[in-house]
There are 2 protein chains.
Amino acid sequence: MIHVGINGYGTIGKRVAAAVDAQPDMTVVGVSKRSLDHEAAAAVDRGFDLYVPDTAADDSGGSCDISLTGSTTALIAESDIIVDATPAGVGADNAEQYAQTDTAVVFQGGEASTVAPTSFCARANYAETVGQAATRVVSCNTTGLARLISPLDEQFGVASVDCTLIRRGGDPTQSNRGPINDIVPDPVTVPSHHAADLQTVLPSIDVMTKGVTVPATLMHVHSLTVCLASAPSVDAVHDCLREERRIELVMSAYGQDTCADLRESAYDQDRHRGDVWENCVWSESIAVDGRSLSLLQAIHQQADVIPENIDAIRALAAADDAETSRQITNDALGVGLTGSLA
Amino acid sequence: MIHVGINGYGTIGKRVAAAVDAQPDMTVVGVSKRSLDHEAAAAVDRGFDLYVPDTAADDSGGSCDISLTGSTTALIAESDIIVDATPAGVGADNAEQYAQTDTAVVFQGGEASTVAPTSFCARANYAETVGQAATRVVSCNTTGLARLISPLDEQFGVASVDCTLIRRGGDPTQSNRGPINDIVPDPVTVPSHHAADLQTVLPSIDVMTKGVTVPATLMHVHSLTVCLASAPSVDAVHDCLREERRIELVMSAYGQDTCADLRESAYDQDRHRGDVWENCVWSESIAVDGRSLSLLQAIHQQADVIPENIDAIRALAAADDAETSRQITNDALGVGLTGSLA
């Protein structure tokens, strides 16, 4: 059993904890959270031991009667692997504390790539992280791109990628974010940071990315043009993507017209929190003109990196190879079992 | 003087009427409107003679006390040129009636390209429409693309264009439209119809377009990659675009971060209805990698085709050449005089 601690219990941390809990070869040591609020209470109700930062007693206000197990320092010491799911930038602040222990660390994509010796996407570069002391799971958007490009590159050869990212403004609970009724170049400079981030896991691919942020909270959408080394048929592209359990071919003709439809589908399947772990590629959007492939895909920003975090834990623990780890993760969570185009 | 009638007094019609009224060589015969509502009253208050369709007496309800001048049939007969600004598809229904008169017609981009012998963008193909009996001003998005691609093609050669259109869901008064909190592939098929539409005015350009619709009402945004025949510097691209009065180079560094900022700028300049006639190209987004040019631009869907409608009137009347017409139109409206990067 791999003993896993989760430091940070927000959007990503709570999902990683549940996903670790679902694995046959992992156990949750506990979760650490600064604010002793309704989310902390839910963690304890769920059976997770709750730890707090050493400095948190002053911050929590003490108004909640929530049972605490110990300090974050203790959680780190008791864990083989820590998943740092603290807010972007805080992970880098925590890095020194982790480095003084024998506990390996999974950082999130909000950190700079320099936070760890490798950046990680299970489909792109699992082996690089095997046996390392730390890695960084790339962001939701980069994960979505790497998962798509890797099989295309293997099967057809990818010369270059041009992607416009239509980014959600914030997650549903981030009521302090915008925009309202606007379309915002984000960043206004080209290429956006996503291009360099993708190259941390797929260094040989020529990438252009541009980003705009819009008033939506459910998913990101990617508009892609991929220049291939060969000229496959549309059917061959379908077949290639259908092999990938973390890619779902969705269809407008099947009522999957929008991001909201995709999330509704996940709720209808009783998925926890309506999570969509898979890239959702619209089948009707797949177009091939010679060596140029175009398509549209949606990415659930809260969920797609969760299976990657699980695989990153196994890679750090040197427990399995990439394919085995992905299969265990997929089976345990139910990834790619919707069969919407079966 | 060119005597111009405007059939349809909605988003486009009301703006065309005001723009015709501002031209030194045109006069507004009158405007035709089916619903005798607050917009019709405003037209009369503004001094435009109001005509109604022959069938409108039954539809209007008769509750408004608005002074009528005559029927749409009379308006057509009294005009040298009719601008058909009726809802998409109605223009095609009206085409037969126009064809039975000597009055030339400007249709809008909501109609199929077969509605008229030419499609029109003043910067791309003015001469093709000179002396014709009808033309169709291409849609707001196509106009925005054609205006940008034409000078780039002249100066650097354009081999191909790849554009993702982030489309506004509706105009501010279209409260029956969506989406709310969603990102919608629109259309889900690739390429979107914009590619074929652009080729109606620039037939030699290889075009890929993909569209998504988002919860915003202010402007469209285009994310473009243009493959050029040469490899210009970023400065050369700036210089090329700065020559175009219907392209405005806007800057995040100047506080022009979002579509809302661009519209606010137009209001601050006392532009009627806050209209932005120009393509707004974000200066910071212009990037060149070899022969590949990338940039982001915003298009005010209610306004950018207005100068084109005016030039289309002159082309049908064979009154001026393209450059002269554009200059008269620009001067009369104040296009390209903001000098935000002067």
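Computed from a predicted structure; not experimentally measured.

Caption draft 1: Structural detail: empty space enclosed by the protein. All told, the structure shown has one cavity of 30 Å³ or more when counted by the stated rule. Space inside the largest cavity adds up to approximately 40 Å³. Every residue lining the largest cavity is listed: Asp162(A), Thr164(A), Lys210(A), Ser223(A), Thr225(A), Asp162(B), Thr164(B), Lys210(B), Ser223(B), Leu224(B) and Thr225(B). Where the lining of the largest cavity is concerned, the elements lending two or more residues are strand S9 (158–168) and strand S12 (220–228) of chain A together with strand S9 (158–168) and strand S12 (220–228) of chain B. It is S12(B) that provides the largest number of residues to the lining of the largest cavity, a total of three residues. Grouping the constituent residues of the lining of the largest cavity by class yields one nonpolar, six polar and four charged.

Caption draft 2: Just the environment of Glu248(B), in detail. Note on placement: Glu248(B) falls in strand S13 (residues 247–250). Considering only alpha carbons, one finds Glu248(B) and Leu50(B), 198 residues apart in sequence, at a separation of 35 Å.

Caption draft 3: Here's a closer look at the packing of aromatic side chains. All names here are of chain A. Scanning the model with the defined rule gives six aromatic pairs over all chains in all. Here the aromatic rings of Tyr9 and Phe48 are separated by 6.4 Å at their centres, their planes lie at 75°, and the arrangement is edge-to-face. Residue Tyr9 is located in the loop between strand S1 (2–7) and helix H1 (11–21), and its partner Phe48 is located in the loop between helix H2 (38–45) and strand S3 (50–52); the two are separated by 39 residues in the primary sequence. The two residues Tyr9 and Phe48 agree in class, both being buried.

Caption draft 4: Region of the structure containing the UniProt feature "active site" (unreviewed entry) in chain A. Residue and element names in this part refer to chain A. Mapped onto this numbering, the UniProt entry annotates "active site" (unreviewed entry) at Cys140. In this structure, Cys140 sits in helix H7 (residues 140–156). The class of Cys140 is buried, set by a relative accessible area of 15%. In contact with Cys140, not counting residues within four places along its chain, are His220, Ile299, Gln301, Asp304 and Val305.

Caption draft 5: Summary view of the interface of chain B and chain A. Contact residues are listed per partner, giving 38 residues for chain B and 38 residues for chain A. Between chain B and chain A, roughly 3100 Å² of surface is buried when both sides are summed, and carbon and sulfur atoms account for 64% of that area. When residues of chain B are sorted by the area they lose upon contact with chain A, Asn181(B), Ile183(B) and Val188(B) head the list and together hold 20% of the total. Where chain B packs against chain A, one counts zero salt bridges. Our count for the chain B to chain A interface comes out at 20 residue pairs in polar contact (both at pLDDT 80 or more). Residue assignment for the side of chain B that touches chain A shows that the elements contributing at least two residues are S9, strand S10 (184–185), strand S11 (206–214), S12, helix H10 (259–268) and strand S16 (292–299) of chain B. When residues in the side of chain B that touches chain A are grouped by element, the largest group, five residues, is from S11(B).

Caption draft 6: Layout of the packing of helix H1 (residues 11–21) of chain B against helix H11 (residues 305–316) of chain B. Residue and element names in this part refer to chain B. Close contact between H1 and H11 brings their axes to 9 Å; oriented N to C, the two are set at 60°. Judged by the inter-axis angle, H1 sits oblique to H11. Taken as a pair, H1 and H11 cross one another with a handedness that is right-handed. Contacts from Ile12, Arg15, Val16, Ala19 and Val20 in H1 reach Val305, Ile306, Asn309, Ile310 and Ile313 in H11. When its residues are assigned to classes, the contact of H1 with H11 shows eight nonpolar, one polar and one charged.

Caption draft 7: Layout of the UniProt feature "binding site: D-glyceraldehyde 3-phosphate" (unreviewed entry) in chain A. Residues and elements named next belong to chain A. In the numbering used here, UniProt assigns the feature "binding site: D-glyceraldehyde 3-phosphate" (unreviewed entry) to Ser139, Cys140, Asn141, His194 and Ala195. The largest pairwise C-alpha distance within this set of annotated residues, which runs over 57 residues, is 13.2 Å, so the set is compact in three dimensions. Within the secondary structure, Ser139 is located in the loop between strand S8 (134–137) and H7. Residues in contact with Ser139, not counting those within four places in the same chain, are Gly109, Asp197 and Val305.

Caption draft 8: Just the relation of the copies chain B and chain A, in detail. The transformation that overlays chain B on chain A combines an axial shift of 0.0 Å with a rotation of 180°, and the residual RMSD is 0.0 Å. One copy is carried onto the other by what is essentially a two-fold rotation axis. Nearest to the rotation axis, the C-alpha of Pro215(B) is located 2.9 Å from it, this being the minimum over chain B. The overlap is high: 100% of the interface residues of chain B also sit at the interface in chain A, so the same surface is used on both sides.

Caption draft 9: Representation of the sheet that holds strand S4 (residues 70–71) of chain A. All names here are of chain A. If you trace the eight strands from one edge of the open sheet to the other, you get S4-S3-S2-S1-S5-S6-S8-S7, paired in parallel fashion. Because the sheet does not close on itself, it has two edges, and the strands there are S4 and strand S7 (118–120). Strand direction decides the pairing type here: S1 and strand S5 (residues 81–84), joined by four bridges, are parallel. Bridge assignment links Gly5 to a residue of S5, and that residue is Ile82. Contacting S1, strand S2 (26–32) and S5, H1 crosses the sheet at an angle of about 155° to S2.

Caption draft 10: How the structure looks around the environment of Thr142(B). Take Thr142(B): it is sitting in helix H7 (residues 140–156). Once residues within four sequence positions are removed from consideration, Thr142(B) is found in contact with His194(B), Asp197(B) and Leu198(B).

Rules and cut-offs
Residues numbered from 1 in each chain as written. Chains lettered and ligands numbered in written order. Predicted model: local features only at pLDDT ≥ 70, side-chain atom pairs only at ≥ 80, totals over all residues. Heavy atoms only, no water. 1 Å grid on protein atoms, 1.4 Å probe; cavity = no way out; pocket = protein on both sides within 12 Å on 5 of 7 lines; lining within 4 Å. Points joined across faces, edges and corners; volume = space filled by probe spheres on them. Helix = DSSP H or I, 4+ residues; strand = E, 2+ residues; numbered from the N terminus. Nonpolar A, V, L, I, M, F, W, Y, C, P; charged D, E, K, R; others polar. Phe/Tyr/Trp six-rings, centres within 6.5 Å; stacked < 30°, edge-to-face > 60°. Buried < 20%, exposed > 50% of the residue type's maximum accessible area, 1.4 Å probe, protein only. UniProt positions renumbered as here; feature names shortened; annotations may be inferred. Contact = heavy atoms within 4.5 Å. Buried area = accessible area lost by both parts, 1.4 Å probe. Salt bridge = Lys/Arg side-chain N within 4 Å of Asp/Glu carboxyl O. Polar contact = N/O pair within 3.5 Å; in protein donor to acceptor, adjacent residues only side chain to side chain. Axes fitted to C-alpha atoms, helices over the stretch in contact; angles between N-to-C directions. Parallel < 35°, antiparallel > 145°, perpendicular 65-115°, else oblique. Left-handed = near helix turned anticlockwise from the far one by under 90°. Least-squares fit on C-alpha atoms with pLDDT ≥ 70 in both. Pairing = 2+ DSSP bridges.

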